[in-house]
Amino acid sequence: MNHDWEDRVSAAWASFDDYPEARAADFRALIDALVAELPGDSPLGLFERACAWDSTGHSDRAAPLYREALARGLSDVSGYKGRRAKIQLSSSLRNIGRAQEGVELLTPELTAPSDELDDAVRATLALCLSSLGRDREGLSLVLGALAPHLPRYQRSMAHYARALVTD
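So, a few notes on the structure that sits alongside this text. (Residues numbered from 1 in each chain as written. Predicted model: local features only at pLDDT ≥ 70, side-chain atom pairs only at ≥ 80, totals over all residues. Heavy atoms only, no water.)

Attention now goes to the packing of helix α7 (residues 99–106) against helix α8 (residues 118–131). Axes are the key here: two packed helices are described by the angle between their axes and the distance separating the axes. For the pair α7 and α8, the least separation of the axes is 8 Å and the interaxial angle reads 145°. Here the hand of the crossing between α7 and α8 comes out left-handed. In contact with A99, G102, V103 and L106 of α7, α8 contributes V121, T124, L125, C128, L129 and S131. Along the lines of polarity and charge, the residues of the contact of α7 with α8 split into seven nonpolar, three polar and no charged. (Axes fitted to C-alpha atoms, helices over the stretch in contact; angles between N-to-C directions. Helix = DSSP H or I, 4+ residues; strand = E, 2+ residues; numbered from the N terminus. Left-handed = near helix turned anticlockwise from the far one by under 90°. Contact = heavy atoms within 4.5 Å. Nonpolar A, V, L, I, M, F, W, Y, C, P; charged D, E, K, R; others polar.)

Next up, the structure:
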């Protein structure tokens, strides 16, 4: 897709906080209007619609759209948005009581090429694990993600994170 369209999508998302809950449908209509400019089978359009439903409190409506976007090759069109879709789908799955599917979707992302979404992968996976009663594993992921950002204690926190799942 062209940069103009991406810029307008970014501007729409930048205005998200201007839409209180009572106007959630208006925000989704804004995204739908932008998506209408794309070919009907565009995984980008499905992704943006999923994000709009998800961000307005409808994980149940978002999950199938994320799945379809991924199935239609979103990761091939944009690896970054493909990874975001996996994170957001996993979160939506957890919200609708299907946390195990979220764990299965995100676990391979732990060994995917590193990018700025690594911490989001770990945080979302930790939430899914916690929803399944696997709090120590989740805490290990969160501490492991946090450790590199600490001004001190990186080594000890990384050790503690590993110990949570090996003890």
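This part takes up helix α1 (residues 3–14). With 12 residues, α1 extends 16 Å from end C-alpha to end C-alpha; this agrees with the ideal 16 Å at 1.5 Å per step. Within α1 the residues assigned to the buried category are W5, V9 and A12. Axial view of α1: buried residues confined to an arc of 60°, hence all on one face. Away from its buried face by more than 90 degrees, α1 exposes H3, D7 and A14. (Expected span 1.5 Å × (residues − 1). Buried < 20%, exposed > 50% of the residue type's maximum accessible area, 1.4 Å probe, protein only. Arc of directions from axis to C-beta.)

Okay, the nonpolar core next. If you look at the biggest cluster of nonpolar residues, it comprises 25 residues, and the most contacted ones within it are W5, I31, F47, Y66 and L74. Listed by contribution, the elements that provide at least two residues to this core are α1, α2 (24–35), α3 (43–55), α4 (59–71) and α6 (79–95). Per element, the largest residue contribution to this core is seven residues, and it comes from α3. When residues no more than four places from it in sequence are discounted, the contact partners of I31 are A12, W13, E48, R49 and A52. (Core = buried A, V, L, I, M, F, W, Y, C linked by side-chain atoms within 4.5 Å.)

A word on the pattern of salt bridges. Applying the stated criterion across every chain, the model contains 14 salt bridges. Residue R23 pairs with D26 through a salt bridge whose shortest N-O separation is 3.0 Å. In this structure R23 comes out as partly exposed when scored by relative accessible area, which is 36%. Owing to a relative accessible area of 39%, D26 belongs among the partly exposed residues under this scheme. One connected set of salt bridges, linked through shared partners, spans R83, K86, E109, D115 and D118. (Salt bridge = Lys/Arg side-chain N within 4 Å of Asp/Glu carboxyl O.)

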